[in-house]
Amino acid sequence: MLWCPDWPVTAAAAAAGVSPHVPAAVFAGNRVVICSAVARRYGVRKGMLRREAQSRCPDVAVLASDPARDARLFEPVVAAVEDLVPGVDVVRPGVVAVPVRGAAAYFGGRNSPDAAEHAFSERLAEQVSATAGVECQVGIADGLFAALLAARRGVLVPEGRDAEFLAPLPVAELDQQGEGTAEFVDLLRRLGLRTLGQLAELTERTVATRFGQEGVLARRLARGAAERPLSPRRPARDLAVEQHCDPPLERVHTAAFVARTLADRLHAGLTAQDLACTRVGIYARTEGGEERHRVWRSARPVTAHDVADRVRWQFESWLQAGSGARPTGGVVHLRLVPEELVHGAALQLHLWHGAGAAGEMEDDPGTERATRAFTRVQALLGPEGVCTPVLTGGRGPAERVEFVSWGSPLDRAGEQAPWPGRLPAPSSTAVPARPVPAAVSDKERRAVSLTARGALTSRPHSVAVEGGAARNITGWAGPWPVDERWWDSAAEGQRARIQVVTAGDGPAMLLLLREHGKPQWIVEGVYD
Amino acid sequence: MSGSVRSTGAVARLSSLPGVSTASDMAAAAERDSVTGRLLPVRSELSAALPLGGLRRGSTVSVRGSRALLFALLAEATTRGSWAAIVGMPDIGAVAAAELGVDVRRLAVVPAPGTELLPVTAALLDGLDLVVLGDGLLARHALSRQQTEKLTARARHRGAVLLAADAFPGAELELHCTPGRWYGLDESGGYGYLRERAVTVHGSGRGAAAKPARVSVLLPGPSGGVAAPHSSGTETSRAREAG
């Protein structure tokens, strides 16, 4: 994610020929929308009346708000980024999203992933300032929201640590430009929820009952999850819309008119299938046969109006670009492609026909009905909300199953391979999702561990699960050594499994010894 | 009236499923269609515990005491083309389910329904033959009697079977499993492995299911599936203890 600080001001100042060292602010409706760093130093703040801003800083350059201008002037920056990495998404003027993983590996050479990301972000900032003459900051994170906040702070968030990075940040960060959540943020603050971490810790249930849909979305963002789960499958039918233009489009106004009708058609096509789009690609071909394209991304589903705006901005930047970058002729062919889809309110089944299950089930009416139900549930809970178990290779009960989101491609290769050391059937009917600690002790209440030769140090007599009351063991078997990951230094010592049957109505359990020094057993499975 | 129309539809669907017509038990299938087109089949070892010999479409069943029993109830129907979903049971042992005979390709798991428990369950009842509510789910979500009745009604209308791994208010059939002893472990300790368990399944219910029934089975049996108990239980167990 690449962020140009205070972009509207930078763009407006450049358009008006104001030097970046002069304090400047963009006004709309007589209030400061955004101001430059210099102006901020004089005490000018967002939301201030013009008169007040001018009284604090008499030389402030007053600039008008104009999103089209911002977008147009941003194009050179995007082009500069695109020279370096393909597949650039414009989030809004001033913010560009870039896929990092591949690019970092390419530019970082043989360095470790962290160093590679670092090298890549430096390279990116350098490229933008050298080519487009604009300052920018780079941040890296897994999710769009986290990446945006990371870019503002110039932070590279390690993979999978989004939630950790977001936790200490204030809830005010939820109020991104003009998304109208200011009131909600204010409410959170008054309730004493000051950081994103505190919001993330609440259960979904609590948030949903107190704050409704808005709260649930905010909590998703705060946890570093995507705001809306992506549509799990690509639609079968092509939803792109296109238009041949004769005479060619050479002026922004005519282009804007075409863009509007085209955007309406795209939107109608999407709503007819109950879908919405969060990334839209704009492709244009000119008389001279040149192809131009740009992808715009948005945090929430775009409306027809949004799409039309983006097409217009894009045209402005193409048609009014400098002599080198300007297309040689008018645009004769315009195409809008929805690149990323999210579910609308409900779903039409025919899109998902022949879902990811095995081929022979496809024609079965029961499967079709079930598929419809699963897609409905996925619309409620997100794609990971419905899983199918896939039996895979492995020895432990948790390793032998993989839960795959419904509709993802299945790979059943592992099951056929032999897995020596696997316990014979029957398997445990419950496999705790998180490790459940247990204490196994002998008659003298000493903890049972493993000797260097892989035998138990004493006969297990009782087991206490999660610090609960100890249950007597009436029968046991094992230990079976687990000779796995000898190359992994983090997993120290030998590990072993035992099966125990507990007295009374207690269940039979499969226990795994993890550590020797201070023996720690975990319940790997329960037979019930 | 409409019930009979729906059930003919269900019969047509059932008979069009792959596997049903090709299976060698054509005669059994025909008999089932003619006599009880509204029953989902269960493993023959368990059918004696069910008053109707199967799971009646549209009914609500409470299954307590054993998860293995729950999986075993899904086994026959999923292998014959029905779809099943398990809601709110994140720690499901899918390998055990497969060993008990469940076709896991026709099994979906909704590990964490969260605040959407009711709409999720309702959506699943719309499209699937078998929907399982995990243990503790009802208590955790503090479902009111009205809400559980809504689910029961949904199952009845859609011809699905709602199984709860819990006590379920108003359940038509209650299955209760008393765990028996495990075989396969050596008494002296340390040898053998858990091989099979003898259990007794009690069935009781309301209406047509009022007559209590009881059946002894091995759950799980020697290969992880359901098996009939050894003909003379005491003798075998003594033999096992000796060997």
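Further up the page is the structure itself.
Everything quoted here is computed from the prediction, not taken from an experiment.

Participant: Where do I start with the sheet that holds strand S3 (residues 31-35) of chain A in this structure?
Facilitator: Whenever strands of a sheet pair, they do so through backbone hydrogen bonds, lying parallel or antiparallel. Residues and elements named next belong to chain A. With mixed pairing, the 3 strands of this open sheet are ordered in space as S3-S2-S4. Here the strands that pair on one side only, and so sit at the sheet edges, are S3 and strand S4 (61-64). Adjacent strand axes in the sheet meet at a mean angle of 40° when their direction is disregarded. Where strand S2 (residues 24-28) and S3 come together, 4 bridges link them in antiparallel fashion. Considered in S3, the bridge of Val 26 is made with Ile 34.

Participant: I would appreciate a short explanation of unusual backbone geometry in the present structure.
Facilitator: A negative phi holds for most residues other than glycine; trans holds for most peptide bonds. Cis rather than trans, the peptide bond between Ala 425 of chain A and Pro 426 of chain A has omega equal to 0°. As for its position among the elements, Pro 426 of chain A is in the loop between strand S13 (401-405) and strand S14 (436-441). A cis amide bond, omega 0°, links Leu 219 of chain B with the succeeding residue Pro 220 of chain B. By secondary structure assignment, the location of Pro 220 of chain B is in the loop between strand S10 (213-218) and helix H9 (233-242). Its identity is not glycine, yet Arg 445 of chain A carries a phi of approximately 65°, on the positive side. Following the sequence through the fold, Arg 445 of chain A ends up in the loop between S14 and strand S15 (462-465). The exposure class of Arg 445 of chain A is exposed, given its relative accessible area of 75%. Of note, the phi angle at Glu 466 of chain A is positive, near 50°, even though the residue is not glycine. Among the structural elements, Glu 466 of chain A can be located in the loop between S15 and strand S16 (471-482). With a relative accessible area of 46%, Glu 466 of chain A lands in the partly exposed category.

Participant: Before we go on, may I ask you to explain the packing of helix H12 (residues 252-272) of chain A against helix H13 (residues 304-319) of chain A in this structure?
Facilitator: For any two helices packed against each other, one specifies the inter-axial angle together with the distance between the axes. Residue and element names in this part refer to chain A. Closest axis-to-axis distance for the H12/H13 pair is 8 Å, and the angle between their directions is 145°. As H12 runs across H13, the sense of the crossing is right-handed. For the pair formed by H12 and H13, the contact residues are Val 252, Ala 255, Ala 256, Ala 259, Arg 260, Ala 263, Asp 264, Leu 266 and His 267 on the first element and Ala 304, His 305, Val 307, Ala 308, Val 311, Arg 312, Phe 315, Glu 316 and Leu 319 on the second. Per-class residue counts for the contact of H12 with H13 are 12 nonpolar, 2 polar and 4 charged.

Rules and cut-offs
Throughout, a residue's number is its position along its own chain's written sequence, starting from 1. Both sets of labels track the order of writing: A upward for chains, 1 upward for ligands. Note on the predicted model: pLDDT of at least 70 is required for a residue's local features to be given, and 80 or more for side-chain atom pairs to be given and counted; whole-chain, interface and lining totals, by contrast, use all residues. Each side-chain value is worked out from all heavy atoms of the structure, with water and hydrogens disregarded. Only when DSSP finds a minimum of two bridges between them are two strands counted as paired. Helix and strand assignments follow DSSP, with helices taken as H or I runs no shorter than four residues and strands as E runs no shorter than two, numbered in order from the N terminus. Every axis in this analysis is a line fitted to C-alpha atoms, fitted for helices over the stretch in contact. Angles between the N-to-C directions lie between 0 and 180 degrees. Burial classification: accessible surface area is computed with a 1.4 Å probe over protein chains only, and a residue below 20% of its type maximum counts as buried, one above 50% as exposed, and the rest as partly exposed. By convention, the crossing between two helices is left-handed when the near helix turns anticlockwise from the far helix through less than a right angle, and right-handed when the turn is clockwise. Contacts: residue pairs with any heavy atoms within 4.5 Å of one another. Throughout this entry, Asp, Glu, Lys and Arg are counted as charged residues, while Ala, Val, Leu, Ile, Met, Phe, Trp, Tyr, Cys and Pro are counted as nonpolar. The remaining residues, Gly among them, count as polar.

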